[in-house]
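Chain by chain, the residues:
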Amino acid sequence: MEIIIQPTALEATAIAARMVAAHLREKPDAVLGLATGSTPVSLYKELISMNLDWSGVTTFNLDEYIGLPCDHPQSYRSFMWENLFRHVNIRRENTHIPDGNAVDVPAFCRGYEDRIAAAGGIDLQVLGIGTDGHIGFNEPSSSLASRTRIKTLTQRTRDDNARFFGSVEEVPHHVITMGIGTIMEARQCLLLAFGENKTRAIAEAVEGPITASNPASILQMHPSARVFLDSESA
Ligand code: F6R
């Protein structure tokens, strides 16, 4: 694990953005794994400002809420179009986001894994971390070998994400998420974590034992994982 600590989130994000940009320039048909939430918003802003060529890029998002209409403002599909896709020249057919309204969720999840494999695997995976150590929506106690599947959010994550909805009751209980095994197969991982509320999860992930109690701790076993922190999360 390489830990990159900067005074501010913006400075850390700028370095992460330069790494993603360098990757896209080197490999114009790269396969990116993408995250949502508040953390990567500035990363996507920075990437948009760099005027990169996204025409050959393929993306796979980590997760999506189950049961929200796909045009719901808090669906991760809406998030991605609002914060990145509509600002760059990516092809719609090259973007992949789990379908939270799939009729047969297990079949959809198997198909998602197949599509990642058919694209050649994920070159670079962007990650945030939950205050409980989740990556994607792999909550504590998730199998460290898990694949894309349905998960139930913990009350803590629903409380954390209530800020995006009108109230915690509106936060869905279920999600589709790439598994930890899926994430670990990405050739590079960039995890971004900013603010004091991430300090404990990061300390456990970076310095603690590898444990399903903190799913991000598995990144200690990843051959190329970088963790970007600001002074507060560090
Ligand atoms: C979202 C995702 C989650 C978030 C995490 C942190 O696609 O995979 O793991 O990265 O919940 O969310 P924020 O950035 O809102 O603190």
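Parameters at a glance
- Residues numbered from 1 in each chain as written.
- Predicted model: local features only at pLDDT ≥ 70, side-chain atom pairs only at ≥ 80, totals over all residues.
- Heavy atoms only, no water.
- Buried < 20%, exposed > 50% of the residue type's maximum accessible area, 1.4 Å probe, protein only.
- Helix = DSSP H or I, 4+ residues; strand = E, 2+ residues; numbered from the N terminus.
- Pairing = 2+ DSSP bridges.
- Right-handed = clockwise from strand over helix to strand, strands pointing away.
- Contact = heavy atoms within 4.5 Å.
- Lys, Arg positive; Asp, Glu negative; His and termini not counted.
- Salt bridge = Lys/Arg side-chain N within 4 Å of Asp/Glu carboxyl O.
- Polar contact = N/O pair within 3.5 Å; in protein donor to acceptor, adjacent residues only side chain to side chain.
- Expected span 1.5 Å × (residues − 1).
- Arc of directions from axis to C-beta.
- Axes fitted to C-alpha atoms, helices over the stretch in contact; angles between N-to-C directions.
- Phe/Tyr/Trp six-rings, centres within 6.5 Å; stacked < 30°, edge-to-face > 60°.
- Lys NZ or Arg CZ within 6 Å of the ring centre and 35° of its normal.
- Near = heavy atom within 4 Å.
- Areas by Shrake-Rupley, 256 points an atom, 1.4 Å probe, with all protein chains shown as cover.
- Nonpolar A, V, L, I, M, F, W, Y, C, P; charged D, E, K, R; others polar.

Draft legend 1. Structural context of the pairing of strand E9 (residues 188-193). Extensive coverage of E9 is indicated by the burial of five of its six residues. Relative to E9, strand E6 (residues 124-127) runs parallel, the two being bridged by four bridges. Bridge pairing in E9 links Gln-125 to Cys-189. Summarising the sheet, E9 and strand E10 (residues 225-230) pair through five bridges and their orientation is parallel. By the bridge assignment for E10, Leu-192 is matched with Phe-228. In this view, the connection linking E9 to its parallel neighbour E10 by way of helix H7 (residues 199-207) has right-handed handedness.

Draft legend 2. Examining the environment of Phe-137 more closely. Note on placement: Phe-137 falls in the loop between E6 and strand E7 (149-152). On the basis of relative accessibility, which here comes to 3%, the residue Phe-137 falls in the buried class. Along the chain, Phe-137 and Glu-64 lie 73 residues apart, while their C-alpha atoms are 8.8 Å from each other. Leave out the neighbours within four places in its chain, and Phe-137 touches Asp-63, Tyr-65, Tyr-76, Lys-151, Leu-153, Thr-157, Asn-161, Val-175 and Thr-177.

Draft legend 3. Expanded view of the side chain of Arg-158. For Arg-158, the location among the structural elements is in helix H5 (residues 155-161). Buried charge Arg-158 goes without a salt bridge, the closest partner of opposite sign being Asp-159 at 6.1 Å. At 3.5 Å, the side chain of Arg-158 and the side chain of His-173 are in polar contact. Leave out the neighbours within four places in its chain, and Arg-158 touches Leu-153, Val-168, Glu-169, Val-171, Pro-172 and His-173.

Draft legend 4. Just helix H4 (residues 105-118), in detail. For H4, which comprises 14 residues, the first-to-last C-alpha distance of 20 Å matches the rise-based estimate of 20 Å (1.5 Å per residue) to within 8%. Every buried residue of H4 is listed here: Val-105, Phe-108, Cys-109, Tyr-112, Glu-113 and Ile-116. Relative to the axis of H4, the buried residues are bounded by an arc of 140 degrees and lie together on one face. In H4, the exposed residues that point more than 90 degrees away from the buried face are Arg-110, Asp-114, Ala-117 and Ala-118.

Draft legend 5. Structural detail: the sheet that holds E6. The strand order across the open sheet built from seven strands is E1-E10-E9-E6-E2-E3-E5, with neighbouring strands paired in parallel fashion. Two strands lie at the open edges of the sheet, namely strand E1 (2-6) and strand E5 (95-96), each paired on one side alone. Pairing of strand E2 (residues 31-34) with E6 involves two bridges; the strand directions are parallel. Pairing of Gly-33 across the sheet is with Gln-125, part of E6. Contacts from H4 reach strand E3 (58-61) and E5 within the one sheet, and its direction differs from that of E3 by about 150 degrees.

Draft legend 6. Highlighting the packing of aromatic side chains. On inspection of all chains with the given rule, the structure shows seven aromatic pairs. Ring centres of Tyr-65 and Phe-137 lie 6.0 Å apart, and the angle between their planes is 40 degrees; on these two criteria the pair is classed as tilted. Placement of Tyr-65 in strand E4 (residues 63-65) and of Phe-137 in the loop between E6 and E7 is noted, with a sequence separation of 72 residues between them. What links up through ring pairs into an aromatic cluster is the set Tyr-65, Tyr-76, Phe-137 and Phe-165. Geometry around Trp-81 places Arg-92 over its ring, the cationic atom sitting 4.2 Å from the centre.

Draft legend 7. Quick look at the sheet that holds E7. As summarised here, the arrangement of the three strands in space is E4-E8-E7, forming an open sheet in which the pairing is antiparallel. Each edge of the open sheet is held by one strand with a lone partner, namely E4 and E7. Going from strand to strand, the sheet's axes swing by 30 degrees on average, the running direction of each strand aside.

Draft legend 8. How the structure looks around the site of the ligand. Thr-39, Asp-63, His-134, Gly-136 and Lys-198 are the nearest of the 15 residues found near the ligand. Side-chain polar atom of Asp-63 to an oxygen atom of the ligand: 2.7 Å apart, as the coordinates give it. Between the ligand and the protein, one listed contact pairs an oxygen atom with a side-chain N or O atom of His-134 at 2.7 Å. When isolated, the ligand has an accessible area of 410 Å², and the protein chains bury 95% of it. Within the shell around the ligand, the residues separate by chemical class into four nonpolar, eight polar and three charged.

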